[in-house]
Amino acid sequence: MIFLKKSCFLLLLFLVYSSCKSKPEIVEKSKNEAFKPVDYVNPFIGTAPLTDPSFIGYTPPKDWRVWAGLTYPGSSLPNAMVQVSPITKYGSGAGYEYEDTEILGFTHTNKGHWNLCNIPILPLSEDAKFPYKSKFSHKKEMASPAYYEVFLEDYGINTRLTSTLRAAIHEYTFNKTGNKRILFDLGRANNGVNNWNISKKGENTIEGFQNMGKETIYFSANVNTSIDDIQIIKKGEREGYAIISLTGKSEQSVVLKIGISYVSIKNAAENLYNEIGLQSFDEIHSKGENLWNNFLSQIEIKGGTNKEKELFYSSLYRTFLWPALRSDTNGEFTDVKGQIRKEEFNYYTIPSLWDTYRNKLVLLALLQPEVTNDVIKSLIDIGDLSGYVPTFFHGDHGTSFIAGSYFRGVNNFDVKKAYKLLLNNAYIESKNRDGRPYLEQYIKKGYIPESYIKNPVVETVDAAGVSKTLEYAYDDYALSLLAKELKDTLRFNDLTKRSKNYKNVFDSATNFMRGRLDNGNWITPFNPEYPYYEYMYREANAWQVSFYVPHDMPGLVELYGGADKFEQKLDSLFTVPWNPNHIARNISSFIGQYCHGNQPDHEAPFSYYFVNKPEKSQVIIDTILSDFYGVGDEGLALCGMDDAGEMSAWYVCASMGLYPLSPADTKYLVTVPIFDEVKWHLKEGKQLVIENPSGGRKLKSIRVGGKLLNGYFVNNDLFTTGGIITTETE
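Residues numbered from 1 in each chain as written. Predicted model: local features only at pLDDT ≥ 70, side-chain atom pairs only at ≥ 80, totals over all residues. Heavy atoms only, no water.

## A few points about the overall build of the protein
Turning to step 1, where the next piece is worked out: In terms of helices and strands, the protein carries 19 helices and 34 strands.
Turning to step 2, where the next piece is worked out: For 730 residues, the compact-globule estimate of 2.2 N^0.38 gives 27 Å, and the C-alpha radius of gyration of the protein, at 26 Å, lies within 12% of that figure.
Turning to step 3, where the next piece is worked out: Along the three orthogonal principal directions, the C-alpha set of the protein runs to about 80 × 60 × 55 Å.
Turning to step 4, where the next piece is worked out: Look at the contacts in the protein between residues 6 or more apart in sequence, and 68% of them connect residues 24 or more apart.
Turning to step 5, where the next piece is worked out: Total accessible area on the protein stands at roughly 26,900 Å², and carbon and sulfur atoms take up 49% of it.
Turning to step 6, where the next piece is worked out: The centroid of the 78 positive side-chain charges in the protein is displaced by 3 Å from the centroid of its 86 negative side-chain charges. (Helix = DSSP H or I, 4+ residues; strand = E, 2+ residues; numbered from the N terminus. Rg over C-alpha atoms; globule rule 2.2 N^0.38 Å. Contact = heavy atoms within 4.5 Å. Areas by Shrake-Rupley, 256 points an atom, 1.4 Å probe, with all protein chains shown as cover. Lys, Arg positive; Asp, Glu negative; His and termini not counted. Charge placed at Lys NZ, Arg CZ, Asp CG, Glu CD.)

Printed below as a string of structure tokens:
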């Protein structure tokens with residue numbers, strides 16, 4: 001963690017910008033060597049723990065693992081149904097924790113949110129005994145896009161994994177002689193398992209399912225040898241499992257191919273046949289690696305250190321693992337009402353909208369427009385059945401995602417239907433809370449009131465009214481853009497007015513966004529440094545939400561009393577030290593009061609731009625890029641939870657010098673890239689280049705196509721026409 005006192009902060013400004021920032025030696029590939037961004041991807045980044053209290057900001061209580069990273073190192077393709085990865089601990093964020101020493105199995109779904117990790121499979125030697133697990137060493141472990149390998153020491157089995165969109169291949173090489181066995185640990189997953197089954201079909205095929213209550217995952221698998229027997233222990237129970245005994249020569253590697261489906265066993269078998277069939281492990285791995293390489297090559301970087309390149313491409317890779325595909329190869333999927341259907345689009349999971357709307361879903365629209373269209377159609381499909389576009393956890397950021405994507409040219413969906421559903425979200429409160437909670441109070445009062453609670457603590461649960469008011473105001477702004485586009489003047493005027501509701505929770509006496517009671521009084525006592533999970537603020541304190549008005553930053557500056565006072569307040573955000581007695585599990589890693597370990601204040605580092613001090617923003621941005629990613633003893637930790645790729649997407653955007661401060665808008669804030677050149681390869685052979693020719697870190701001006709830019713924002717049109725953005729620095 002970095003505590004910057006005010007004098008240190010100003011000294012840092014002077015030292016950084018009094019001359020060009022020196023860089024470590026750059027090791028470039030030979031000009032004759034093909035550009036392969038997959039070589040820079042390290043899937044282990046985000047799997048290691050944060051352990052240093054001085055970095056975390058406090059001393060974690062005993063047995064706490066700070067919610068940092070929560071990523072997995074297994075094989076997956078972009079936005080795939082299958083994520084096949086090792087599991088070392090059930091009930092953990094992503095199933096895999098780098099400090100663990102034993103592998104419990106290899107699961108086939110993952111997100112990094114304490115759920116999924118379904119269909120655990122583990123090869124067993126003849127002498128393996130319950131409880132089944134094996135020691136492993138990172139020295140005999142490898143991972144890259146579409147690939148994972150590890151040696152199971154206790155069983156003497158080298159395991160390789162690779163995958164397609166809906167299927168995976170396991171290859172087990174047994175060093176020990178004797179009978180070969182495979183554990184299907186079907187009573188376990190990160191979600192509680194309600195029921196499961198497995199059975200043999202034919203000489204070498206097994207099939208079954210796991211049911212987690214609301215969701216059932218089906219599988220069909222075959223092995224390259226005969227199955228002697230299936231031993232089933234406590235069928236359908238959480239303590240239960242099955243062991244497959246195999247025949248075959250002792251020196252033969254066992255290849256297990258498995259398809260999954262959220263519809264049926266039949267579909268799982270079809271997914272396996274259609275995507276893998278008779279293809280070998282190496283053929284599937286090569287296709288997966290090539291797919292990732294082509295995908296990541298859409299953005300080409302020059303300059304920077306090897307570490308910066310590793311972080312950039314690892315972050316870009318991690319950004320595109322979620323949302324996940326749910327349609328089978330025959331087009332069938334199971335909708336939110338449990339009905340099996342087939343539509344003309346691929347069905348996807350709900351994105352983690354509270355976090356990823358800020359930046360990741362903007363990258364999705366730019367780099368995966370076809371997937372984005374289908375994700376939006378999936379949200380509309382849910383809306384058709386529920387009456388509301390899903391909100392996901394907090395806020396109503398499907399609005400921002402849909403509006404921003406539409407204005408970026410992702411428009412192969414029924415925008416009028418989407419708009420109608422989003423109006424339901426914004427105007428009709430749902431008894432089932434499918435739309436915005438506390439909506440009637442928000443409309444009536446212009447803010448969401450909090451209950452009076454005498455001695456609130458971190459875990460106190462109430463309305464999180466300040467956070468919701470701020471986010472609903474932004475969502476209203478996003479929806480007003482669609483209203484204007486669709487010529488709904490009445491709603492446009494009303495939503496524009498509501499977008500100013502952020503002012504109703506700003507307390508000019510304290511200069512903070514502050515909770516209010518139903519009668520309008522400010523909540524007292526008030527400690528702006530104290531973090532709450534769900535009282536006044538959502539996973540934040542007053543400091544961390546008080547700069548969140550991405551749609552009206554000039555209006556926020558005026559609320560603070562003008563540019564000078566706003567700048568002073570920002571300086572304080574980054575210098576007032578964090579109180580180590582304030583402990584909240586997913587609020588960690590600070591610069592002053594600013595927390596990069598959680599999302600609510602991720603826009604704050606860019607706020608100096610609105611008082612014409614971009615160089616001060618750049619100091620903070622550069623500090624975050626250099627000191628908050630790839631940290632810890634192994635250089636594999638993140639400063640906070642990746643949250644389905646939002647933390648990674650922040651790095652991608654900030655490091656290349658384009659940040660979508662207001663993601664519903666089609667403008668990007670230009671910062672100084674950490675690379676000499678960032679080149680986007682667009683359609684029709686066009687290119688968008690962001691360059692920093694002098695290598696300095698202090699932004700003086702911006703040129704687009706050689707012409708001086710008036711301001712700091714560039715338009716999304718550049719992603720269609722191409723062009724050159726030049727940051728002139730010193």
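## Considering the pattern of salt bridges
Opposite charge on two side chains permits pairing when their charged atoms draw close.
Turning to step 1, where the next piece is worked out: Taken as a whole, this structure holds 35 salt bridges when the rule is applied.
Turning to step 2, where the next piece is worked out: Residue arginine 166 is joined to glutamate 275 by a salt bridge in which the shortest nitrogen-to-oxygen separation is 2.5 Å. Linking arginine 166 in the loop between strand E9 (157-163) and strand E10 (167-174) with glutamate 275 in helix H3 (residues 265-275), this pair joins segments that are 109 residues apart in sequence.
Turning to step 3, where the next piece is worked out: We classify glutamate 275 as buried; its relative accessible area is 14%.
Turning to step 4, where the next piece is worked out: The salt bridge involving aspartate 518 is made with lysine 445; its shortest N-O contact spans 3.5 Å. Of the two residues, aspartate 518 is situated in the loop between strand E22 (512-513) and helix H14 (542-545) and lysine 445 in helix H11 (residues 439-445); the sequence distance between them amounts to 73 residues.
Turning to step 5, where the next piece is worked out: A cluster of three or more residues bridged by salt bridges with shared partners is formed by Arg65, Lys89, Glu97 and Glu99. (Salt bridge = Lys/Arg side-chain N within 4 Å of Asp/Glu carboxyl O. Buried < 20%, exposed > 50% of the residue type's maximum accessible area, 1.4 Å probe, protein only.)

## Looking at the side chain of histidine 170
Turning to step 1, where the next piece is worked out: You can see histidine 170 is positioned in strand E10.
Turning to step 2, where the next piece is worked out: A polar side-chain atom of histidine 170 sits 2.7 Å from a polar atom in the side chain of tyrosine 172.
Turning to step 3, where the next piece is worked out: If sequence neighbours within four positions are ignored, histidine 170 has contacts with Val84, Phe106, His108, Ile121, Arg160, Leu161, Val254, Val255, Leu256 and Ile258. (Polar contact = N/O pair within 3.5 Å; in protein donor to acceptor, adjacent residues only side chain to side chain.)

## Quick look at the sheet that holds strand E27 (residues 658-659)
Turning to step 1, where the next piece is worked out: Across the sheet, which stays open at both edges, the 3 strands sit in the order E27-E28-E33 with antiparallel pairing between neighbours. Strands at the two margins of the open sheet, each flanked by one partner only, are E27 and strand E33 (713-715).
Turning to step 2, where the next piece is worked out: When strand E28 (residues 667-670) meets E33, the two strands line up antiparallel, connected through 3 bridges. The residue bridging leucine 669 from the neighbouring strand is phenylalanine 713, located in E33. (Pairing = 2+ DSSP bridges.)

## A closer look at the packing of helix H10 (residues 415-427) against helix H12 (residues 465-485)
Turning to step 1, where the next piece is worked out: The contact between H10 and H12 brings their axes to 11 Å, and the two run at 145 degrees. Like other packed secondary-structure pairs, H10 and H12 cross with a definite hand, here left-handed. Facing H10, whose interface residues are Val415, Tyr419, Leu422, Leu423 and Ala426, H12 presents Asp476, Leu479, Leu482 and Ala483.
Turning to step 2, where the next piece is worked out: For the contact of H10 with H12, a count of residues per class yields 8 nonpolar, no polar and 1 charged. (Axes fitted to C-alpha atoms, helices over the stretch in contact; angles between N-to-C directions. Left-handed = near helix turned anticlockwise from the far one by under 90°. Nonpolar A, V, L, I, M, F, W, Y, C, P; charged D, E, K, R; others polar.)

## Thoughts on the nonpolar core
Turning to step 1, where the next piece is worked out: With 199 residues, the main nonpolar core has Ile182, Phe184, Trp292, Phe312, Met513 and Trp680 as its most contacted residues.
Turning to step 2, where the next piece is worked out: It is H12 that provides the largest number of residues to this core, a total of 9 residues.
Turning to step 3, where the next piece is worked out: Counting 8 residues, the second largest nonpolar core, distinct from the first, contains Ile169, Val255, Leu272 and Ile284. (Core = buried A, V, L, I, M, F, W, Y, C linked by side-chain atoms within 4.5 Å.)

## Regarding the confidence of the model for the protein
Turning to step 1, where the next piece is worked out: For the protein, per-residue confidence averages 94 on the pLDDT scale, and residues scoring 70 or more make up 95% of the total.
Turning to step 2, where the next piece is worked out: Confidence over residues 1-32 falls short of pLDDT 50; this stretch has 60 contacts with residues more than four positions distant or in other chains. (pLDDT = per-residue confidence, 0-100.)

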